[in-house]
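# Working through the structure, step by step
What follows is the residue order along each chain.
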Amino acid sequence: MNPRVNRRSMGGLIALLFAAIAGCVAGGAYDGGVDVGYGVDFYDAGGYEYGGWGPGYGVGPPRRGFDRGRADGRGAPHSAYRPASPSRSMPSLPGRSRGR
Amino acid sequence: MPSRSAGHDGLLRRSSVGALWSLGVLWGIATMATAAAAATFVLPPLVQPASGEHHEGKVIWADLVTPDVAGAKRFYGQLLGWTFNDIHTGTGDYSVALLDGRPAGGLFQRAMRPGEQRQPAWLTFISVRDVGAAQRHILAQGGKVLSPPRSYPDRGRQAVFADPQGAVFAVLQSSSGDPEDVLAAPGEWIWSSVITRDPDTDAAFYQNVFGYEVFEIPSTDGSTHVLLSTEDYARASLNALPGDTARRHPHWLNFVRVNSATDTAARVEALGGRVLVKPFLDRHGGLVAVVADPAGAPFGLLEWTEADSKEGAK
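Everything numeric in this text was worked out from a predicted model, so none of it was measured. (Residues numbered from 1 in each chain as written. Chains lettered and ligands numbered in written order. Predicted model: local features only at pLDDT ≥ 70, side-chain atom pairs only at ≥ 80, totals over all residues. Heavy atoms only, no water.)

## Section: the packing of aromatic side chains
All names here are of chain B. For clarity, the cut-off: Only Phe, Tyr and Trp rings are paired, with Trp represented by its six-membered ring, and only when their centres lie within 6.5 Å; those with planes under 30 degrees apart are stacked, over 60 edge-to-face, the remainder tilted. Strands are runs of DSSP state E lasting at least two residues, helices are runs of H or I lasting at least four, and both sets are numbered from the N terminus onward. Buried means the residue's accessible area, taken with a 1.4 Å probe over protein chains only, is under 20% of the maximum for its type, while exposed means over 50%, and partly exposed covers the values in between. In our convention, an over-ring charge means Lys NZ or Arg CZ found within 6 Å of a ring centre and within 35 degrees of that ring's normal.
In the structure shown here, the tally under the stated rule is 18 aromatic pairs over all chains. Between Phe169 and Phe210, the ring centres sit 6.1 Å apart and the planes meet at 70 degrees, which makes this aromatic pair edge-to-face. Of this pair, Phe169 sits in strand S8 (residues 168–174) while Phe210 sits in helix H4 (residues 199–210), and the two are 41 residues apart along the sequence. Classification of Phe210 by relative accessible area gives buried; the value is 5%. A connected cluster of aromatic rings, assembled from ring pairs, spans Phe161, Phe169, Phe205, Tyr206, Phe210, Tyr212 and Trp252. The side chain of Arg155 reaches across the aromatic face of Trp61, ending 4.6 Å from its centre.

Structure follows, in structure tokens:
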């Protein structure tokens, strides 16, 4: 076996392993590497579009005392979730201000 | 006299020993680099002094991941009056946004790779008592781990997940407790919504993970609107993606309380952001709007008065 070939092979192996280790150190959590930084190091998928929003598209919280309407404890037809009891009033945001 | 073959074997052994030694050194360097990078990332406590309160299911924090923290600081500082405390880390810059000295959110710098079809976004953090238990529930309900649980000195333990429809959120087990349940001040986060393809099944996911009470909200647009609640407080809503859902991505959207959505939306544009949904009247009688910062991260504006939180208001 040629000693130069051996040295070259070992050198290549070391370089390969060094690259692998460096990749693990530098990689972010979402890229499959070891997470050594802040765990929220990612971008979202994008594609946010808001066409179709407008009057009738309620997105905010209901105010305190909001009428639950036809609530019968069954939720939407075939709802996957367990709806709150009909006796429960619609929750809202806290009313107390800070320091009061 | 040693044979030529024996000489080669000796050389090979010496090379092997050298290679192993080099590997050991490299491994040590990598381990130290890992520890150093993690150790430098010290986040401030969520609540000071520690509250001792815990509100499972409450949205307690938001982090912006952006390629331009400096630009984000200018924008949010001028728009909402936030000030910033910078934390330089081994892996990127992080800045804590403050409103009147209280932590309001975090800004994390991350370079955008060329050609990357992604967008900056605000990441929503939900309070949990035990991140490990939350992860088990999330996986059992069809969610996915995006960043496994890890601890940060003073902050607590957190992890990032995607719900079964792909909306990304985080959970946080705050070591200083959760912020108290008070009405958010103008300029603070006040509300969160999951904009999703199927609010019904997504509501079941969040209910099974966080123990929410779920209320169906009567709507006039024919789509499903659901409210998530704990401790008799509204925590978030789930709303159906309107229109062509195939081209739209489920996501969490956080809203800042503002005195005037119209004025704030105009200010967003003046500061280089965009108005994605013009202010419109919401179910509570105030205006809401959706805007994006100059880097494209969307967030909502919500008008809300103290009277809106009181029984029999309006």
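## Some thoughts on the layout of surface pockets
Let me state the cut-off plainly: Definitions used for this entry: grid spacing 1 Å over protein atoms alone; cavity, a set of points where a 1.4 Å probe fits but cannot get out; pocket, an open set with protein on both sides within 12 Å along at least 5 of 7 lines; lining residue, one with an atom within 4 Å of a point. Grid points are joined across faces, edges and corners, and a volume is the space filled by probe spheres set on the points. Classes in brief: Ala, Val, Leu, Ile, Met, Phe, Trp, Tyr, Cys and Pro nonpolar; Asp, Glu, Lys and Arg charged; the others, Gly included, polar.
Empty space within the largest pocket amounts to approximately 870 Å³. What lines the largest pocket is a set of 35 residues, and nearest its centre among them are Arg98 of chain A together with Lys58, Pro179, Glu180 and Glu188 of chain B. Looking at the lining of the largest pocket, the elements that each hand over two or more residues are strand S1 (59–66), strand S3 (93–99), strand S4 (102–109), strand S9 (189–196) and strand S12 (233–240) of chain B. Looking at the lining of the largest pocket residue by residue, the classes come out as 19 nonpolar, seven polar and nine charged.

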